[in-house]
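Chains, contacts and geometry: an overview
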Amino acid sequence: MKPIQMVDLQAQYHHYKNDIDAAIQEVLETSTYINGPAVKLFQEKMEAYLNVKHVIPCANGTDALQIALMALGLKPGDEVIVPAFTYVATAEVAALLGLKVVMTDVDPDTFNITDKHIEAAITPKTKAIVPVHLFGQSCDMEPIIALAKKYNLFIIEDNAQAIGADYTFSDGSVVKTGAMGNVGCTSFYPSKNLGAYGDGGAMYCNEEQMGADLRMIANHGQKRRYYHDTVGVNSRLDSVQAALLEVKLRHLDEFSKARQEAAAYYDKALSGIAGLKVPVRQHNSTHVFHQYTLQVPADKRNELQEYLKNKGIPSMIYYPLPLYEQDAFKDCSSRATVELPVTEMLCKSVISLPMHSEMEEEQLTYICESIRSFFK
Ligand SMILES: *Cc1c(COP(=O)(O)O)cnc(C)c1O
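From a predicted model like this one, the values you see are computed outputs, not experimental measurements.

Considerations on the pairing of strand β8 (residues 183-187)
Counting buried residues in β8 gives five out of five residues, a clear majority hidden from the surface. For strand β5 (residues 154-158) and β8, the ladder comprises three bridges, and the chain directions are parallel. Each residue of the ladder has a partner; that of Ile156, found in β8, is Val183. Direction of pairing for β8 relative to strand β9 (residues 201-205): antiparallel, over a ladder of four bridges. Bridge pairing in β9 places Thr186 opposite Ala202.

Section: unusual backbone geometry
Cis rather than trans, the peptide bond between Tyr318 and Tyr319 has omega equal to 10°. Secondary-structure assignment places Tyr319 in the loop between α11 (298-310) and α12 (327-330). In the Ramachandran plot, Ser31 falls in the positive-phi region, its phi being about 55° despite a non-glycine side chain. Residue placement: Ser31 occurs in the loop between α2 (17-30) and α3 (37-50). By relative accessible area, which is 41% here, Ser31 ends up partly exposed. Even without being glycine, Phe135 reaches a positive phi, approximately 65°. Take Phe135: it is sitting in the loop between β4 (126-129) and α7 (141-151).

Cut-offs used in this document
Residues numbered from 1 in each chain as written. Predicted model: local features only at pLDDT ≥ 70, side-chain atom pairs only at ≥ 80, totals over all residues. Heavy atoms only, no water. Buried < 20%, exposed > 50% of the residue type's maximum accessible area, 1.4 Å probe, protein only. Helix = DSSP H or I, 4+ residues; strand = E, 2+ residues; numbered from the N terminus. Pairing = 2+ DSSP bridges.

This is the structure in structure tokens:
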């Protein structure tokens, strides 16, 4: 059996090597490394895939979130609601911009923030919410969008983990995650579902003015070269990354399908183990399984991880500590409520299994048998 990895970037590369090598070679031949035709092409392909009017590529997912928040024109002290159970970037950028981060609890089944959590955290100073489509499944956006309308709030979707997932509204319309709020943000970090061979990210939106503002901020605050309308940043996706991402984008739905098949295998082989909870599927979202995350009894979790490690099976804890307990956020009293019991519980009980587009059945069988034998 091939050694098991959390993410097998090498196997995926070999699968598409000819096309990827040719795309990179073409950039080298044309030698337009910044804002070249490859970036434009990838941008257009992304716009078509996501069915959005504007895609603005940038340097990474964290920059995407930061630039999106900058484009809202908020004032220091304005409040931004984020889930406490997420990657640090979601909250970090708001803190960096002098905004007040307000962290809420999440749903114990989907790991996602809901309209209920958000509504309870709204104050007169709330200006924006950042739903995170964690582990590859959409937040239940319809009620969140209704709430944002009611309270006049911006929605920045953190779609770093769910690119390619579909959300279905009650009228039957289907929209890609990241295309429902004011701005969607994603990351092309190598291990993400659409991963570059280095850093990369993108913002997307449908509104003309927002698209222009995002593009301007990402480019030193200039619309015209050497004339700077606002203080911006330098955040670009380079042509080499764009070229290989364009190749991979053609196969993104295949990657998602392969992940879903691995997840279905896990679901079946791991069901019925007392104390073990497999990921819960939300009825109105597809799941692209950026992570396949189990919940196990807190007192067994670390022992299970060690047990798997000794059998050559890697696993990861996303995330071991609630954001408000990180030293970086301890002083900002950023919790929406005194207790966030679900976040506390999840940090102690989650464990993510190997998940990527090249999982082999033999590996899946071995992983599931090992987990079964642990719980015997
Ligand atoms: C990866 C990730 C980011 C940040 O993306 P980078 O490209 O690493 O900056 C932001 N939010 C979430 C939820 C992520 O998983």
